[in-house]
Amino acid sequence: MFNHDPIPRPSGPPASSTPVRDYMAAGAPGVTPDYVVIPRALAESMPLPWQQHLIHLMAEFHRTYGHLKWPVYRVVPSRYEKLADLDEEQLAEVGAIMEIDSDGSLVYRDRSGRRIENAEDRTVLVSCLDPIPSEYANANQSTPPRGFPAPLGGERV
């Protein structure tokens, strides 16, 4: 009538009470400390069951948080570059200028006119062309092996 064997315990670490935070902290593509961005071209090219699951989750999310006053978010594809490698337009975007000092050396300054030390070693975030739409615009294109996401490290199993 009763099984006398002990109930098997799941192996591995216990389930997290903050799984989204834990996953995002691992540094997935499109994740910043404040936002998660899913490129629309990739979302629309996912296999149909994935799209159906995503829409279900998004609908629940919007039903739950739709009462909040949402701002309009402007998402700009960007990449990290060395400050010393930027052109004038990119320097203006990050609030810096480059000028030639009285001794003939290049000097970088911020908006307030303060000198930026070690510009060759300083990385800044600048906008770039979005590489994703050109690669994944065709929804029939083969995504990572259908139904299996590629590991975060980019390695295929």
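Predicted model, so just to flag it, every value in this text is computed and none were measured. (Residues numbered from 1 in each chain as written. Predicted model: local features only at pLDDT ≥ 70, side-chain atom pairs only at ≥ 80, totals over all residues. Heavy atoms only, no water.)

1. A short note on the overall build of the protein
Turning to step 1, where the next piece is worked out: When helices and strands are counted, the protein shows five helices and four strands.
Turning to step 2, where the next piece is worked out: Mapped from its N terminus to its C terminus, the protein presents α and β elements in the order α-α-α-β-α-β-β-β-α.
Turning to step 3, where the next piece is worked out: Counting every position in the protein, which comprises 157 residues, the buried fraction comes to 13%.
Turning to step 4, where the next piece is worked out: For the protein, long-range pairs separated by at least 24 residues make up 52% of all intrachain contacts whose partners lie at least 6 apart in sequence. (Helix = DSSP H or I, 4+ residues; strand = E, 2+ residues; numbered from the N terminus. Buried < 20%, exposed > 50% of the residue type's maximum accessible area, 1.4 Å probe, protein only. Contact = heavy atoms within 4.5 Å.)

2. Focus on the pairing of strand β2 (residues 96-100)
Turning to step 1, where the next piece is worked out: Judged from the five bridges that link them, β2 and strand β3 (residues 106-110) form a sheet pairing that is antiparallel. In the strand pairing of β3, A96 is matched with D110.
Turning to step 2, where the next piece is worked out: Adjacent in sequence and paired antiparallel, β2 and β3 are bridged by five residues, among which G104 carries a positive phi angle near 90°. (Pairing = 2+ DSSP bridges.)

3. Some points on the pattern of salt bridges
It is possible for side chains bearing opposite charge to pair when their charged atoms get close.
Turning to step 1, where the next piece is worked out: A complete count under the given rule lists seven salt bridges for this structure.
Turning to step 2, where the next piece is worked out: As a salt-bridge pair, D110 and R114 come within 3.2 Å of each other at their nearest N and O atoms.
Turning to step 3, where the next piece is worked out: Because the salt bridges share partners, they merge into one network encompassing D101, R115 and E117. (Salt bridge = Lys/Arg side-chain N within 4 Å of Asp/Glu carboxyl O.)

4. As for the environment of R21
Turning to step 1, where the next piece is worked out: Among the structural elements, R21 can be located in helix α1 (residues 19-25).
Turning to step 2, where the next piece is worked out: Measuring from C-alpha to C-alpha, the distance between R21 and P33 comes to 9.8 Å, with 12 residues separating the pair along the chain.

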